[in-house]
Structure formats: C-alpha cells, structure tokens
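# An overview of the molecular structure
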Amino acid sequence: MSSAPQDLSKYRNIGIMAHIDAGKTTTSERILYYTGRSHKLGEVHEGTATMDWMVQEQERGITITSAATTTFWKDYRINLIDTPGHVDFTVEVERSLRVLDGAIAVFDAANGVEPQSETVWRQADRYHVPRIAFLNKMDKVGADPEMCINSMREKLNANVAFAQIPMGVESAFTGVIDLIEMQAYVWLTEDKDAAPKVTEIPKQYLDDAHIYRQELIENLADFDDTLAEAVLSDSKVTADQIKNALRKSVIEIKIIPIFLGSSFRNKGIQPLLDAVIHFLPSPLDIPPVEGTEVEGIVAAGKRSPTPEESFSGIVFKIMSDPFVGALFFMRIYSGTIKTGDAVLNTLKNKKERITKILRMHANDREELQFASAGEIVAVVGLKFATTGDTLCDIKDPIAYESMKFPDPVISLA
Ligand code: GDP
C-alpha cells in the first residue's frame, strides 16, 4: 500500500498521438524501456517488456485501447495514457485527449503530416492539449525534417520550430543537436541499453545550429518579453531563458517544438523524455476544468486541481480485469478519494462506492489508500459508471460534460 503525499509539479499525464504506422507503439515501448519500469518488470516476467494493451495492438495491428500506465523518468512520474491512432476510434481519441495534460505527437519523418494526423491534431486543439512533436524514423529512406516542418505549417497550421536538428539523415542518422543547450547527442550503436554520448557540436553542424537556434529564439520572442528584449538588443540568450520561454509557450500552445529520432533504432528517446519533463505541463499548470449544469441536480461550477478541494473526476475508460472485475480508469481533477469512500455519480444521479484504488504499471499494479487531484488511477467497485461520467463529492457535486459515447469493455486477460 502506498499513500505518500505526491508532488504534482513532478507529474506528467501524457499521451502519444500519431497516425497509424508512424511509430507510436515502438516509441511507447522505448519510453517504457528507458524509464526503467518495464525493463525491471520485464526481467521479472521473463522478458515481456510490453504493456498488455501493446500485445493487443500488436495482435490486431491497430491501436484500440485507452489504458494508462505509470512510469518514472528522473524523479518525475509519467502517466502514459494510450491515445488510439486509428480513424475509426476517433471517439476514443477524444475521450483520452480530454484527460491528458500534454502529448507527444509522433510523425513519420519521411511522410510528414498524413491525413489522419490532421484529425487527431484538430481534436487536440479542441481540447487544448499542449504538444511537442517527435519526428520518428529519421533513419528511413526519404526522411526529411524540412519537408515535415513545412507540411506541419501548411496542413496543421501549427507554429512549429526545431528544438533539435539532425546529424545526418537516413542510414547516416547518428544523432541530434540540441539547439537549446547547444550540444550534440550521438548514438554510437543501436544497442537499446546504450546511452547517448553528449558531445560538443561537430564543426560541420555549427553554422546550421546557430541559424536554427536563432529561428527558435525569434519565434519564442513573440511570446516572451525577456527573449524579445534580448533579440532587440542583440544580446546573448542563455539556455535557461530559452527553456523558460519554451515551457511557457508550449503550455499556452503558442509553439510546438520539434524533436527528432528513430525509435526503431533506439535513438532520440532519452532527450525526448527530457523534453516531456521540461516542456509539457504538470497538472498544476492546467486551468481548472469547468462543470456544466445538470438540471435539478447540480449547478455549473469550477474545481481547482488541489488535494484539499472537493473531490471530482472523470471516468475515461472501463476495462474488464480477471482479478477484480471492472476497472474504471479515472482522471482526478480535484480533491482526494480514499478506499471505501462513497461518491456521487452525477450524470447517473447514483451513489457509488470505491472499494479499491489502483495505479497501473506496465505489468503490475499498486494498491493505493488514497489518490488526489492530478492523478490517473483505476478504481474498483463502481456499479453504474460508464465512460464520460463524473464522480464527485456527494456534499459538493459537480458535473463535467458527458461524452455520451458508446462504451466498449475491453478485456485485459
Ligand atoms: P504505430 O502503428 O504508430 O504504433 O507504429 P509501430 O510502432 O507499430 O511502427 C510501424 C512500423 O514502422 C513498424 O514496422 C516499425 O518497425 C517501423 N518503425 C517504427 N519506428 C521506426 C524507425 O524509427 N525507423 C524505421 N525505419 N522504422 C520504424
């Protein structure tokens, strides 16, 4: 049982959104690998370092589920929420986008923006999901970051900027240059366990690095006074100044920074994880969610994302589990729940009891005594809830808009 207080500023509730085949599965697997969790568990479970939902995806060839998995990177908790990529599952995409604080948008570096990426992108705009972009498959024949950035500008109408530039493309792709810290990450092998070597920028890339860094700074200067002053006075801009401006601009969805790699060749994932913790928001950076009026039951209102606030959350996924029956994945927006608590299911106007609170890891689960605002948990014991339902404090009810979607139950067995 775990019940230590949580530092929410070190939480990242993120999803990975992508066109089918762009490399979402490989990128997710590598993220789990490098965050250590699946590696460790994989050893225990004889090398099965994949999440249950990934096995399903691999078998079916498309992405269909929306579970959440918790993992760690450098002291930060990353809750990875599966965002289906297939166009038929748009409803599921919308449902999971709603509970995310940020996303990694994965693109195939040789294809740029593909039709379905546009749909998911617009959905993410609609739910105000801050994003960073990952151009995957930099090793592939035809990989072309300039083509990608242009297609993102044209087709997504996105304000995008390189945060990295590549060292070589296609089979010569060996590393990335970080335009913020002005250093290079070089992968000497494709070994999964190999950490990138951090080096000075090789001479032949220096001019390009300065040009693209300046482009990033000028783009950010439109949204950040400190950088604007530095640009006007031609003074030196520090890495910290860029980082601060970029974090703010990503959270406000003013800019989408681009990172590069090849998940298949184990390149680019560690710096991508650093970008997740540096630039994507924590639950505390997100504005309060607004409740809507449900006639005769509850008035409109707002809840701040703190543990002390009245409890509220949204059920975004139900999965059947061989051990405990139905698992209700919930994003907690405000307050705290304890095992045994009675809560109100506002949209069904029913009282529900939470008999267990679980945090799901790649191949494991952890039972919690309580969970608070900002967290993603799976709860057990609900009788009436369907996806999209609001659960809240009986004495202080609120209703978040019902998603009113069909409700498939997917087996974890
Ligand atoms: P998803 O459909 O978005 O989940 O994509 P997958 O992760 O299943 O990858 C789709 C295909 O692209 C698979 O055949 C992968 O082996 C391949 N792939 C994934 N990442 C890379 C990469 O970095 N480079 C290359 N060349 N192929 C990749």
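Sequence order as written defines the numbering, with residues in each chain counted from 1. In keeping with the model being predicted, local features are shown solely for residues with a pLDDT of at least 70 and side-chain atom pairs are shown and tallied solely at 80 or more, while totals for entire chains, interfaces and linings include all residues. Side-chain numbers here rest on the full set of heavy atoms in the structure, without hydrogens or water.

We count it as follows: UniProt positions are given in the numbering used here, feature names are shortened, and annotations may be inferred rather than shown by experiment.
As annotated in an unreviewed UniProt entry, the protein carries the name Elongation factor G and comes from Silvanigrella paludirubra. Under the UniProt heading Subcellular location (unreviewed entry), the entry covering the protein gives this text: "Cytoplasm". UniProt annotates the protein under Sequence similarities (unreviewed entry) with the comment "Belongs to the TRAFAC class translation factor GTPase superfamily. Classic translation factor GTPase family. EF-G/EF-2 subfamily."

### What about the overall build of the protein?
Put simply, the test is: Where helices and strands are cited, they refer to DSSP runs of H or I of at least four residues and of E of at least two residues respectively, numbered from the N terminus. Buried, partly exposed and exposed residues are distinguished by accessible area as a fraction of the type maximum, computed with a 1.4 Å probe on protein chains only: under 20%, between the cut-offs, and over 50%, respectively. For this analysis, residues touch if any pair of their heavy atoms sits within 4.5 Å. Residue exposure ignores everything except the shown protein chains as possible cover, and the areas themselves are Shrake-Rupley values with a 1.4 Å probe.
The helix and strand inventory of the protein stands at ten helices and 24 strands. Taking all 413 residues of the protein together, the buried fraction comes to 56%. Of the contacts made within the protein by residues no fewer than 6 positions apart, 71% connect residues no fewer than 24 positions apart. Of the accessible surface of the protein, which amounts to about 16,900 Å², a share of 51% is contributed by carbon and sulfur atoms.

### Topic: the site of the ligand
What counts here: Near is defined per residue: the residue qualifies when any heavy atom it owns lies within 4 Å of the molecule or strand. Pairing of N or O atoms within 3.5 Å defines a polar contact, subject to two protein rules: one partner must be a possible hydrogen donor and the other a possible acceptor, and residues neighboring in sequence count only if both atoms are side-chain atoms. All amino acids are sorted into three groups, where Ala, Val, Leu, Ile, Met, Phe, Trp, Tyr, Cys and Pro are nonpolar, Asp, Glu, Lys and Arg are charged, and the leftover types, Gly among them, are polar.
What surrounds the ligand is a group of 14 residues, the closest being Asp 21, Lys 24, Thr 25, Thr 26 and Asp 139. Between the ligand and Thr 26 there is a distance of 2.3 Å, counted from an oxygen atom to a side-chain nitrogen or oxygen. Between the ligand and Lys 137, the relevant distance is 3.0 Å, taken from an oxygen atom to a side-chain nitrogen or oxygen of the residue. Its free accessible area being 580 Å², the ligand has 75% of it covered by the protein chains. Of all the elements, helix H1 (residues 24-34) adds the most residues to the shell around the ligand, at three residues. Its residues placed into classes, the shell around the ligand shows three nonpolar, seven polar and four charged.

### Digging into the sheet that holds strand E11 (residues 256-260)
For clarity, the cut-off: When DSSP locates at least two bridges between a pair of strands, those strands are taken to pair. To get an axis, a line is fitted to the C-alpha atoms, and for a helix only the part in contact is used. The angle between two axes follows their N-to-C directions and goes from 0 to 180 degrees.
Strand order in the open sheet formed by seven strands is E2-E3-E1-E4-E5-E11-E6, with mixed pairing between adjacent strands. With partners counted over all chains shown, the strands left at the sheet margins are strand E2 (68-73) and strand E6 (160-162), one partner each. Here the average twist between neighbouring strands, direction ignored, is 30 degrees. Bridging between E6 and E11 involves three bridges; their strand directions are parallel. When the bridges of E11 are listed, Phe 162 appears paired with Ile 258. Packed on one face of the sheet, helix H6 (residues 145-156) meets strand E4 (102-108), strand E5 (131-136), E6 and E11 and runs near 165 degrees to E6.

### Points about H6
What counts here: By definition here, a helix of n residues has an expected span of 1.5 Å times n minus one. Of all possible arcs, the one meant is that of the directions from the helix axis to the C-beta atoms.
Its twelve residues give H6 an end-to-end C-alpha distance of 15 Å, which sits within 8% of 16 Å, the value for a rise of 1.5 Å per residue. By the burial criterion, the buried members of H6 are Pro 145, Cys 148, Ile 149, Ser 151, Met 152 and Leu 156. Buried residues of H6 fall within an arc of 165 degrees about the axis and therefore sit on the same side. In this structure, the buried residues of H6 make contact with E4, helix H5 (115-126), E5, E6, strand E7 (164-167) and E11. Near the N-terminus of H6, the side chain that reaches the backbone nitrogen of Glu 146, with its oxygen 3.2 Å away, is that of Asp 144.

### Side note on the side chain of Asp 139
Positionally, Asp 139 belongs in the loop between E5 and H6. Take Asp 139: its relative accessible area is 16%, and that puts it in the buried class. Within polar-contact distance, the side chain of Asp 139 engages the side chain of Ser 262 at 2.9 Å. In this structure the side chain of Asp 139 is engaged in a polar contact, spanning 2.9 Å, whose partner is the side chain of Arg 265. Setting aside its immediate chain neighbours within four residues, Asp 139 contacts Glu 170, Ser 171, Phe 173, Ser 262, Phe 264 and Arg 265.

### Digging into the pairing of strand E18 (residues 350-353)
The pairing of strand E17 (residues 342-345) with E18 spans four bridges and is antiparallel. Residue pairing in the sheet places Val 343 in a bridge with Glu 352 of E18. Taking the residues that link successive antiparallel strands as the turn, the E17-E18 hairpin has four residues, and the phi of Asn 349 there is positive, at about 55 degrees.

### Quick notes on helix H7 (residues 203-221)
Taking 1.5 Å per residue, 19 residues should reach 27 Å; H7 reaches 27 Å between its end C-alpha atoms and fits that length. Turning to H7, its buried residues number three or more, namely Tyr 205, Ala 209, Tyr 212, Arg 213, Leu 216, Ile 217, Asn 219, Leu 220 and Ala 221. Lining the buried residues of H7 we find H6, E6, E7, strand E8 (175-178), helix H8 (225-232) and helix H9 (239-251).

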